[in-house]
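# Examination of the molecular architecture
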Amino acid sequence: VVRDFNFQSLHHEVEPLVISSNRRASWLSVRFTPAAVETVVDGIERVGRDIFPELPSVEYQFLSDRFEELYLAESRLKSIVWVFCIISIVLTISGIFGMATYMAKQRMKEIAIRKVLGGEIMSLLKLLSKEFVTLLVVALLLAIPAGIYLSDWWLQGFANRISVGPLVYIISVISIILFVLGSSSYVTFKAAGMNPVES
């Protein structure tokens with residue numbers, strides 16, 4: 001009698017299992033340290049030939065490979081998500097730089113007049129970043145509920161699931177805000193720091 005353990009993927013509840021000793025069984029489980037793979041496999045093949053000389057060779061499979069097969073869909077999903085994350089980050093950076101450059105060029109004379117009249121660079125940065133912050137807030141209001149729904153939907157497929165806490169979303173929102181404002185502030189700071197005479 002042993003404690004309950006998962007012998008299927010974590011999508012399934014732990015089910016009843018009978019472990020019996022059968023002398024005619026064609027499978028044998030061997031537990032060993034991962035560093036000794038070659039030694040153990042050679043030893044098992046040697047002992048197998050001694051006990052069953054008529055068998056051609058011993059076939060073996062590692063439990064880690066079986067677990068990889070159980071979570072193949074999750075592994076593929078992770079790869080797809082990473083690819084789309086990288087694509088979206090690259091598109092976001094190029095979009096932010098393009099939009100910030102366009103806005104700065106459109107308002108170059110306004111920036112120059114404000115600087116001549118005593119406007120500080122920080123107030124100009126706030127002025128130019130206001131539209132980015134508005135777009136960012138709208139995007140977050142759309143993305144957060146979608147993220148909560150999709151993560152909850154994905155976790156429904158597991159028998160023993162966790163709930164995603166608010167800390168994950170708070171960290172995500174803060175990093176997105178820093179990422180967007182950091183990308184846009186480079187262009188806006190450059191525009192705000194230009195000599196008004198050039199405009």
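Structure: above.
Within each chain, residue numbers correspond to sequence positions counted from 1 in written order. For a predicted model such as this one, the threshold for reporting local features is a pLDDT of at least 70, and the threshold for listing and counting side-chain atom pairs is 80 or more; totals across whole chains, interfaces and linings nevertheless cover every residue. With hydrogens and water stripped out, all remaining heavy atoms of the structure feed into the side-chain values.

Moving on to the packing of helix 4 (residues 108-116) against helix 5 (residues 121-155). One way to put it is that helix 4 packs onto helix 5 with a least axis distance of 11 Å and a crossing angle of 155°. Classified by the angle between their axes, helix 4 and helix 5 sit roughly antiparallel to one another. Relative to helix 5, the crossing made by helix 4 is right-handed. Of the residues in helix 5, those touching helix 4 at Glu110, Ile111, Arg114 and Lys115 are Leu124, Leu127 and Leu128. By the convention adopted, Pro, Cys, Tyr, Trp, Phe, Met, Ile, Leu, Val and Ala count as nonpolar, Lys, Arg, Asp and Glu as charged, and the other residues, Gly among them, as polar. In the contact of helix 4 with helix 5, the residues fall into four nonpolar, no polar and three charged. Each axis is a line fitted through C-alpha atoms, and for a helix only the stretch in contact is used; angles between axes span 0 to 180 degrees, taken between their N-to-C directions. Helix and strand definitions here come from DSSP, where helices need a minimum of 4 consecutive H or I residues and strands a minimum of 2 consecutive E residues; each element is numbered from the N-terminal end. Angular relationships are summarised with four words: roughly parallel below 35 degrees, roughly antiparallel beyond 145, roughly perpendicular across 65 to 115, and oblique for the angles in between. Crossing handedness: left-handed means the near helix sits turned counterclockwise from the far one by under a right angle, and right-handed means the same turn made clockwise. Throughout, a contact is declared for two residues whenever any of their heavy atoms are within 4.5 Å.

A packed helix pair is summarised by two numbers, namely the angle formed by the two axes and the spacing between the axes. Here helix 3 (residues 72-106) crosses helix 6 (residues 166-192) at 30°, and the two axes come no closer than 9 Å. Compared by their axis directions, helix 3 and helix 6 come out roughly parallel. Note on packing geometry: the crossing formed by helix 3 with helix 6 is right-handed. Packed against helix 3, whose contacting residues are Ile89, Thr92, Ile93, Ile96, Phe97, Ala100, Thr101 and Ala104, the element helix 6 presents Phe179, Val180, Ser183, Ser184, Tyr186, Val187 and Ala191 at the interface.

With respect to the helices and strands, the residue serine 151 is situated in helix 5. Nitrogen and oxygen atoms within 3.5 Å of one another constitute a polar contact, given that in protein one can donate a hydrogen and the other can accept it, and given that sequence-neighbouring residues count only through two side-chain atoms. From its side chain, serine 151 meets the backbone oxygen of isoleucine 148 in a polar contact 3.1 Å long. A polar contact is formed between the side chain of serine 151 and the side chain of tyrosine 169, at a distance of 2.9 Å.

With that settled, the discussion passes to the packing of aromatic side chains. Under the pairing criterion, centres of Phe, Tyr and Trp rings, with the six-membered ring standing for Trp, must be within 6.5 Å; the plane angle then separates stacked pairs below 30 degrees from edge-to-face pairs above 60, leaving the rest tilted. Scanning the model with the defined rule gives three aromatic pairs in all. On the basis of an interplanar angle of 65° and a centroid distance of 6.4 Å, the ring pair of phenylalanine 32 and phenylalanine 62 is categorised as edge-to-face. Here phenylalanine 62 lies in the loop between helix 1 (37-51) and helix 2 (63-70) and phenylalanine 32 lies in the segment before helix 1, a separation of 30 residues in the sequence. A 1.4 Å probe rolled over the protein chains alone gives each residue an accessible area, and that area as a share of the maximum for its type sets the label: buried under 20%, exposed over 50%, partly exposed in between. For phenylalanine 62, a relative accessible area of 26% gives the class partly exposed. Three or more aromatic residues link up through ring pairs in this structure, and these residues are Phe32, Tyr60 and Phe62.

This part covers the pattern of salt bridges. Here a salt bridge means any side-chain nitrogen of Lys or Arg lying within 4 Å of a carboxyl oxygen belonging to Asp or Glu. Throughout the structure, instances matching the rule amount to two salt bridges. Across the pair glutamate 110 and arginine 107 runs a salt bridge whose closest N-O atoms are separated by 3.0 Å. Taking the relative accessible area as the measure of exposure, glutamate 110 reaches 28% and is therefore partly exposed. Within this structure, Arg107, Glu110 and Arg114 form a network of salt bridges that share partners.

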